[in-house]
Amino acid sequence: MATSFATKRLSKELNKINGQLPPGISLVKADDFQEWQLDIKVLDNNPIYLNQTYRLMFKFSSSYPIEPPEVTFLACPDRPIPMHPHIYSNGIICLDLLGMQGWSPVQNVESICMSLQSMLTGNTKNERPEGDQQFVANNRRRPRDIDFYYHDNTV
């Protein structure tokens, strides 16, 4: 359950999100202050992501925004998991911004969505991370509990 500080912060974010979001980002569901869903689109003509919309799941702990939210891509009938060298086929995202070492409380849901849009926009590799199948088959940890090694920021 979110604490009053987390609830207050998320309430402010939700009010802003309901007002207006940047192009290519839309709120799908925010019934409480624990789990939200948003859709994102890549706005340029990157052929890997052309005409695709992707669903993001945000899970907030009671320590938000001191701790980052858990953010993953969700597979839905019309919302695939995007192909990217930092996105596993189960939707887990390897991005320093989403880990404690890269997170800052000044970040928010909107800025995370924009960072993910940018990450997809700049990608030229239509591939999954190395070891994707083994990771997906064997991983039992939540994304926030995984210690990723950030070795390739060129994609």
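Before any of the text, the structure's been laid out above.
Predicted model only: the values in this text are computed from it and were never measured.

A. Local environment of the side chain of Arg9. Relative to the assigned elements, Arg9 resides in helix H1 (residues 4-19). Owing to a relative accessible area of 18%, Arg9 belongs among the buried residues under this scheme. For Arg9, the side chain forms a polar contact with the side chain of Glu13, separated by 2.8 Å. Dropping the residues within four chain positions of it, Arg9 is found in contact with Tyr64, Pro65, Pro105, Val106, Gln107 and Asn108.

B. Focus on the pattern of salt bridges. Tallied over the full model, the rule gives five salt bridges. With its nearest N and O atoms 2.8 Å apart, the salt bridge here joins Arg9 to Glu13. Residue Arg9 and its partner Glu13 are both found in helix H1; the two are separated by four residues, about one turn of the helix. Exposure class is identical for Arg9 and Glu13. Each is buried. Where Asp39 meets Arg55, a salt bridge forms, and the shortest distance between an N and an O atom there is 2.5 Å. With Asp39 in strand E2 (residues 35-41) and Arg55 in strand E3 (residues 53-59), this pair connects stretches of sequence that are 16 residues apart. The burial state of Asp39 is the same as that of Arg55; both residues are buried.

What counts, and at which threshold
- Residues numbered from 1 in each chain as written.
- Predicted model: local features only at pLDDT ≥ 70, side-chain atom pairs only at ≥ 80, totals over all residues.
- Heavy atoms only, no water.
- Helix = DSSP H or I, 4+ residues; strand = E, 2+ residues; numbered from the N terminus.
- Buried < 20%, exposed > 50% of the residue type's maximum accessible area, 1.4 Å probe, protein only.
- Polar contact = N/O pair within 3.5 Å; in protein donor to acceptor, adjacent residues only side chain to side chain.
- Contact = heavy atoms within 4.5 Å.
- Salt bridge = Lys/Arg side-chain N within 4 Å of Asp/Glu carboxyl O.

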